[in-house]
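If you want the building blocks of each chain, they are given just below.
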Amino acid sequence: MFLQSVPRTARLLRLLLPALPAAAMHRSYTLDVAAPLLRTQAFIDGRWVSAESHFPVLDPATGSELARVSDCGPAEAKQAVDAAYRAFHTWKRVTAKERSHLLRKWFDLLTEHKEDLAKLITFEAGKPLRESLGEMVYSASFLEWFSEEARRVYGDIVPSPATDRKILLLKQPVGVASIITPWNFPSAMITRKVAAALAAGCTVVVKPAEDTPLSALALAELSQQAGIPPGVFNVVPCSRAQTPSVGEVLCSDPLVAKISFTGSTATGKVLLKMAASTVKKASMELGGHAPFIVFDSADMDVAVAAAMNSKFRNSGQTCVCSNRFLVQSGVHDLFVDRLSKAMGAELRLGHGSEAATTQGPLINSRAADKVALQISEAVSQGARVVRGGRRLDGSFVEPTLLTQVTPSMLCMKEETFGPLVPILRFDSEDEAVAIANACDVGLAGYFFSQDPSQIWRVAEALEVGMVGVNEGLLSTPEGAFGGVKQSGLGVEGSKYGIHEYLQHKYMCFGGLKA
Ligand code: SIN
């Protein structure tokens, strides 16, 4: 067993954990996972590889160091790309059935080790343990789903205009895929991409976020145990300082055919520019700014429960978190009152490993500063704080509810990525849809109504890639996850996700005698 004790300071905790029992303040936090799952070297060509230097991985709740991980640079990234390219030539010939079996074994191992894998997420990302376990089920589900989809990649035989020719459309894997993933779902954002890629017959090089490499390396360990051949799945962790040069190799090396990225729109644009130099295929799952619209006809129980789920999942740090709350005048006061009570009753700040915790820290103090700025800017413009409002020590922020919000406030103009609910009152459906669509991203959107005509009108009118109708949680491997406008390119999950890693080859079979 790997045991690492992370002492916490009483001073910090008195500020951070007002809702936790005093006894909890004198305990240490211990990352306790089975040793083979705690990997700190890069994983290249089926081997564990040390880089020249190392970077620390911190517990965002305490700032304590959890591990030191190999800090890969362009040389290791190139090594990984070369290994993936070599492996591609054999992996693409492995039958779909065998690839499916290997992905299924990997799924079984994730399921078997989900408790330990969840602890890794909680310690490196700050996510409450219950949610980390949920992420592990979600993460494993992509391996299961794409192990099934691997065997359903059919081509087409197309009616030919000439009797001496047959027309076939083959689907073939694109090649090596560079997979660049975020810290907010350290495991699931990897499997959502990698399972589709491997099922299609592609090989991958993964660059996990610098904050959360441990989950990615644990996935590598289990890929090896599952029997995924060397070079098919590679992981090159690196620090923030090395990220641009590693990213450059992964996005511009001629041996890479495809990039897939989840993260901010700003970074996505930089990666797309790099990938343009060698005309790579790209999938981008970028920022969102989800509207959450409550119409007068909404079922209040459903709307409040959905707001809690959608807003406070991962302390508000998901691309699909509701970000702009638009509430119709007739139910405005009732919704505010009910949501405020639910926040008071259900949300508890603390270290993710504490059973009572529902809200962990934000990933770092820059993230907390951003939320604090949105709150103070809104208040300075006339917003009213109904609940919360304080930036606490470390990277904790109180779950906050603001009313009297206007479209010109920062929180209505940019993604928050934190536990802030800004509520804007509206009068008509047209007004709400216009406000919801007045932005340059369109990932998820949610609305609450019991009127079937309104449901169809608004679902079709919202400029988003995913819409929750009387529902605040959309994510599942069966659904097509992706956005419109500057929220990205392509979809992940669903029967379409695998197509992001395939290309069509048109085969014209001529000279046939009647
Ligand atoms: C994300 O925040 O990028 C992904 C969230 C999800 O898959 O639900």
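Now for a look at the structure at hand. No experiment lies behind these values; they were computed from the predicted model shown.

### What to know about the packing of aromatic side chains
Any aromatic ring pair is given by two values, namely how distant the centres are and how the planes are angled relative to each other. Tallied over the full model, the rule gives 11 aromatic pairs. Ring geometry for tryptophan 106 against phenylalanine 233: centres 5.0 Å apart, planes inclined by 70°, an arrangement best described as edge-to-face. Taken together, the positions of tryptophan 106 in helix α3 (residues 96–112) and phenylalanine 233 in strand β11 (residues 233–235) put the pair 127 residues apart, joining distant regions of the chain. For the pair tryptophan 106 and phenylalanine 233, one class covers both residues: buried. Pairing phenylalanine 295 with phenylalanine 426 gives two aromatic rings, centres 5.7 Å apart and planes at 85°, and the pair type is edge-to-face.

### Things to note about the pairing of strand β17 (residues 400–403)
By the alternation rule, side chains of β17 split into Thr400 and Leu402 and Leu401 and Thr403, which are all buried. As paired strands, strand β16 (residues 384–387) and β17 are joined by three bridges and run antiparallel to one another. Paired with arginine 387 across the bridge in β17 is leucine 401. Two elements, β17 and strand β18 (residues 420–426), share three bridges in a ladder whose sense is parallel. Paired with leucine 401 across the bridge in β18 is valine 421.

### Topic: the nonpolar core
If you look at the biggest cluster of nonpolar residues, it comprises 129 residues, and the most contacted ones within it are Trp106, Leu198, Phe233 and Phe335. For this core, the element with the highest residue contribution is helix α6 (residues 188–200), accounting for 10 residues. With residues up to four places along the chain from it excluded, the contact list for tryptophan 106 reads Leu143, Val194, Leu198, Leu219, Leu222, Ser223, Ala226, Ile228 and Phe233. Formed by 26 residues, the second largest nonpolar core is a distinct cluster that contains Cys72, Ala80, Val205 and Leu271.

### Comments concerning the sheet that holds strand β8 (residues 166–173)
Spatial ordering of the open sheet is given by β7-β8-β24, a layout of three strands whose pairing is antiparallel. Looking at which strands have only one partner, the edges of the open sheet turn out to be β7 (156–158) and β24 (502–509). When strand polarity is set aside, the average angle formed by the axes of neighbouring strands in this sheet is 25°. One ladder, built from three bridges, connects β7 with β8; its direction is antiparallel. Note on β8: the bridge partner recorded for valine 158 is isoleucine 167.

### Let's talk about the site of the ligand
In the vicinity of the ligand lie 13 residues, with Tyr138, Arg192, Arg313, Cys319 and Ser475 positioned nearest. In this structure, an oxygen atom belonging to the ligand sits 3.0 Å away from a side-chain N or O atom of glutamate 285. Residue arginine 313 places a side-chain N or O atom 2.9 Å away from an oxygen atom belonging to the ligand. Protein contact buries 100% of the 260 Å² of open area that the ligand shows by itself. Its atoms largely coinciding with the cavity grid, the ligand occupies the largest cavity.

### A short note on the packing of helix α10 (residues 300–312) against helix α11 (residues 329–346)
Running from N to C, α10 and α11 point in directions that differ by 50°, and their axes come no closer than 10 Å. In terms of orientation, α10 lies oblique with respect to α11. Between α10 and α11 the crossing geometry is right-handed. Seen from α10, the contacting residues are Met300, Asp301, Ala303, Val304, Ala307, Met308 and Phe312; seen from α11, they are Val331, Leu334, Phe335, Arg338, Leu339, Ala342, Met343 and Glu346. The class makeup of the residues in the contact of α10 with α11 is 12 nonpolar, no polar and three charged.

What counts, and at which threshold
- Residues numbered from 1 in each chain as written.
- Predicted model: local features only at pLDDT ≥ 70, side-chain atom pairs only at ≥ 80, totals over all residues.
- Heavy atoms only, no water.
- Phe/Tyr/Trp six-rings, centres within 6.5 Å; stacked < 30°, edge-to-face > 60°.
- Helix = DSSP H or I, 4+ residues; strand = E, 2+ residues; numbered from the N terminus.
- Buried < 20%, exposed > 50% of the residue type's maximum accessible area, 1.4 Å probe, protein only.
- Pairing = 2+ DSSP bridges.
- Core = buried A, V, L, I, M, F, W, Y, C linked by side-chain atoms within 4.5 Å.
- Contact = heavy atoms within 4.5 Å.
- Axes fitted to C-alpha atoms, helices over the stretch in contact; angles between N-to-C directions.
- Near = heavy atom within 4 Å.
- Polar contact = N/O pair within 3.5 Å; in protein donor to acceptor, adjacent residues only side chain to side chain.
- Areas by Shrake-Rupley, 256 points an atom, 1.4 Å probe, with all protein chains shown as cover.
- 1 Å grid on protein atoms, 1.4 Å probe; cavity = no way out; pocket = protein on both sides within 12 Å on 5 of 7 lines; lining within 4 Å.
- Sits in = over half its atoms within 2 Å of the grid points.
- Parallel < 35°, antiparallel > 145°, perpendicular 65-115°, else oblique.
- Left-handed = near helix turned anticlockwise from the far one by under 90°.
- Nonpolar A, V, L, I, M, F, W, Y, C, P; charged D, E, K, R; others polar.

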